[in-house]
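Below are the chains, spelled out letter by letter.
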Amino acid sequence: MNIKALKRRIEKLDREHLWHPFTQMKEWAEEPPLIITRGRGVFLKDIYGRWYIDGVSSIWVNVHGHGKKEIDDAIKEQVDKISHSTLLGLAHPLAAELAGMIVKIAPRGLTKVFYSDSGSTAVEVGLKMAFQYWQHKGNKEKTKFISLTNAYHGDTIGAVSVGGIELFHELFSPLLFKSFKAPSPYCYRCELNKKHPSCRLTCLKGMEEVLKKHHKETAGLVIEPLVQGAAGMIVFPDGYLKGVRRLCNKYNVLMIADEVATGIGRTGKMFACEHEGVSPDILCLAKGITGGYLPLAATVTAEKIYRVFLGRYKDLKSFFHGHTYTGNQLACAAAIANISLFKKEGTLRKMRPRIKILERELAKISEHPHVGDVRQKGFMVGIELVRDKKTKEPYPLEDKMGIRVCAEALKNGVIIRPLGNVIVLMPPLTISAHELNSLTRITGEAIGTVTGPACPAYRQAGGRQGRLVIS
Ligand SMILES: *Cc1c(COP(=O)(O)O)cnc(C)c1O
């Protein structure tokens, strides 16, 4: 089949039978889709053979680039042995090896690994473990959770119950269990109308008020350490995370760290918790764990939690939870190869000068008259666009500013995806200095072209943006 015919066939099948995530399908169907057929390093190739920089690591998962030989080989080698066997009643070498590796790199005190297959399930597992822990301990009233406004922990019902992004979560509120909300440390738009650092972390006092009032009925506090990702890369002020750990201790509440996005090197350390020397009681991992090759997640817990579940079969203390593909052998093989590469290639060390380059380039972008705030932690970047820099007035949703900037960048060979008015950059950790410069230059130019005061495109809707919409 020639390329044109193949493209027509894929477009037709996609339009007729495929429902894309977080996508307004009516607008999707109005535009030809970008069809990806290959990946190499930080690049993705479309069906016509055009190459693009994968500027968001295929939605925050890719770590060592596409087509990384060590990970490809590990998967191929494993396919020849076996692709999947269950962990219900059976063991296999890779699940055990990987568990040992994860415990070795995880913050101190975390000793047991429970596998599942997505970030949402890693969080569900963490919530249910925390709940059941207190039930067995005899603190039967500890059944609730505390989370932050602007939090994102996944799209299953339990994970949405501890979520705090109105745009995604509000509609489902009748389905959710109630959780208590503490103020998000979003300094650029402080909920408490304070200024950092003179505020001395008033948001932490807000958190303490919630704990003071509800700790007796609270099983756990769920938090994305250091960066609230899906809310627009909201970076915490220094000391906040450490303060949260201290409060969890003080009020006897389990700390559940959702490092699904921040974990596995993304912030410049293996885990975001390390930046403030914090060890959570439960750690949730997914996205980058396999290097972005296969779905796998892990919920890692402290020994004290695990121990409470021990007893005789008839005691009914087992953790009654499991997903069919738990500990999939191919996914474990990919994860082992990915984590091994950190040491072998010095991934984190090599990131350091590139984080500096990113900082320098972002400083230029922050000068732009319609860039209100630039937030960065390692290779997690959010560029918040505003209509008015002085008043911080946001662009209205219907202007689709973020979407339009990304559509413009796409024309110049960069694939990025916005979160509302926030442009996200999240390249693979192995991106070269040269590629990083291209990514930031093209992004900066796209912001200029779309938002620039002289830009006639300002009111022009249309183009390709419909396909990238979050709604
Ligand atoms: C992406 C994400 C999740 C959900 O992971 P899925 O694999 O999409 O279910 C949970 N928490 C955080 C912090 C995330 O960024």
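Quick caveat: nothing in here was measured; it's all calculated off a predicted structure. For every chain, the first residue of the written sequence is number 1, and numbering continues from 1 along that sequence. Restriction of local features to residues with pLDDT of at least 70 applies here, the model being predicted, together with a cutoff of 80 or more for giving and counting side-chain atom pairs; totals for whole chains, interfaces and linings are based on all residues. Derived side-chain values reflect all non-hydrogen atoms in the structure, with water molecules and hydrogen atoms excluded from consideration.

Section: the overall build of the protein
1) Next: Only DSSP runs of H or I with at least four residues qualify as helices, and only runs of E with at least two residues qualify as strands; both kinds are numbered from the N terminus onward. Broken down by element type, the protein carries 15 helices and 18 strands.
2) Next: Atoms counted for the radius of gyration: C-alpha only. Globule rule: 2.2 Å times the number of residues to the power 0.38. A globule of 471 residues ought to have a C-alpha radius of gyration of about 23 Å, and the protein, at 22 Å, matches this closely.
3) Next: Taken along its principal axes, the extent of the C-alpha atoms in the protein is 70 × 60 × 45 Å.
4) Next: Residue burial in the protein is summarised as follows: out of 471 residues, 55% are buried.
5) Next: Working rule for contacts: check all heavy atoms of both residues, and any pair within 4.5 Å makes them a contact. Taking as baseline every contact in the protein between residues at least 6 positions apart, the subset at least 24 positions apart corresponds to 72%.
6) Next: Under the convention used here, a 1.4 Å probe and the Shrake-Rupley method define accessible areas, while residue burial counts only the protein chains that appear. Roughly 21600 Å² of accessible area belongs to the protein as shown, and the carbon and sulfur atoms make up 56% of that amount.
7) Next: Side chains of the protein give 68 positive and 46 negative charges; the mean places of these two sets differ by 3 Å. Relative accessibility under 20% of the residue-type maximum defines a buried residue, over 50% an exposed one, and the middle range a partly exposed one, all with a 1.4 Å probe and only protein chains included. For the charge count, each Lys or Arg is scored as positive and each Asp or Glu as negative, with His and the chain ends excluded. Charged side chains are reduced to one point each, which is NZ for Lys, CZ for Arg, CG for Asp and CD for Glu.

Quick look at the sheet that holds strand β4 (residues 110-116)
1) Next: What the 7 strands build is an open sheet, ordered β4-β12-β11-β10-β7-β5-β6; its pairing is mixed. Among the strands making up the open sheet, the edge pair consists of β4 and β6 (180-182). Neighbouring strand axes in the sheet, compared pairwise and without regard to direction, differ in orientation by 20° on average.
2) Next: Where strand β5 (residues 144-148) and β6 come together, 3 bridges link them in parallel fashion. Across the sheet, residue I146 finds its bridge partner in β6, namely F180.
3) Next: The strands touched by helix α6 (residues 119-137) within the sheet are β4, β5, β7 (218-223), β10 (254-258), β11 (282-285) and β12 (297-302), with β12 carrying the most contacts at an inclination of about 25°.
4) Next: The strands touched by helix α9 (residues 202-214) within the sheet are β5, β6 and β7, with β6 carrying the most contacts at an inclination of about 155°. Paired strands, as defined in this entry, are two strands with at least two bridges between them according to DSSP. Here, axes are lines fitted to C-alpha atoms. For helices the fit covers the stretch in contact, and angles between N-to-C directions go from 0 to 180 degrees.

Quick word on the pattern of salt bridges
1) Next: The salt bridge definition used is simple: a Lys or Arg side-chain nitrogen within 4 Å of an Asp or Glu carboxyl oxygen. Summed over the entire model, instances satisfying the criterion amount to 25 salt bridges.
2) Next: A salt bridge links E11 to K7, with the nearest nitrogen and oxygen atoms 2.3 Å apart. Highlighted residues: E11 and K7, both in helix α1 (residues 3-17), separated by 4 residues, approximately one helical turn.
3) Next: Exposure remark for K7: the relative accessible area of 12% places this residue in the buried category.

Regarding the layout of surface pockets
1) Next: The calculated volume of the second largest pocket comes to roughly 1000 Å³.
2) Next: With a 1 Å grid laid over protein atoms only, a set of points is called a cavity when a 1.4 Å probe fits there but cannot get out and a pocket when it is open yet has protein on both sides within 12 Å along at least five of seven lines; lining residues have an atom within 4 Å of a point. What lines the second largest pocket is a set of 42 residues, among which I165, E166, L167, A231 and G420 lie closest to the centre.
3) Next: Only α7 (157-161), α8 (166-169), β14 (380-388), α14 (401-411) and β17 (418-419) provide two or more residues apiece to the lining of the second largest pocket.
4) Next: Here the lining of the second largest pocket gets 4 residues from one element, more than from any other, and that element is α8.
5) Next: Residues belonging to the lining of the second largest pocket are distributed by class as follows: 23 nonpolar, 12 polar and 7 charged.
6) Next: Two domains each provide a minimum of three residues to the lining of the second largest pocket, namely domain 1 (34-67 + 347-460) and domain 2 (71-345). Grid points are joined across faces, edges and corners, and a volume is the space filled by probe spheres set on the points. Under the scheme applied here, ten amino acids are nonpolar (Ala, Val, Leu, Ile, Met, Phe, Trp, Tyr, Cys and Pro), four are charged (Asp, Glu, Lys and Arg), and all others, including Gly, are polar. The domain limits used here are those given by an automatic or database domain assignment.

Side note on the packing of α9 against helix α10 (residues 240-250)
1) Next: Contact pair α9 / α10: the axes reach a minimum separation of 10 Å and the direction vectors enclose 20°. In terms of their interaxial angle, α9 and α10 are classed as roughly parallel. Judged by the twist between their axes, the crossing of α9 over α10 is right-handed. Between α9, through C203, L204, M207, E208 and L211, and α10, the contact on the second element is made entirely by Y240, G243, V244, R246, L247 and K250.
2) Next: A per-class count over the contact of α9 with α10 returns 7 nonpolar, 1 polar and 3 charged. The cut-offs work like this: below 35 degrees is roughly parallel, past 145 is roughly antiparallel, 65 to 115 is roughly perpendicular, and the gaps in between are oblique. With the far helix as reference, a near helix turned anticlockwise by less than a right angle produces a left-handed crossing, and one turned clockwise produces a right-handed crossing.

Examining the sheet that holds strand β2 (residues 43-46)
Strands pair in a sheet through their backbones, by hydrogen bonds, and they do so in one of two ways: parallel or antiparallel.
1) Next: Strand order in the open sheet formed by 4 strands is β1-β2-β3-β16, and the pairing between neighbours is mixed. The sheet is open, and its two borders are formed by β1 (36-40) and β16 (414-415), each paired with just one other strand.
2) Next: Contacts from helix α15 (residues 433-451) reach β2, β3 (51-54) and β16 within the one sheet, and its direction differs from that of β3 by about 90°.

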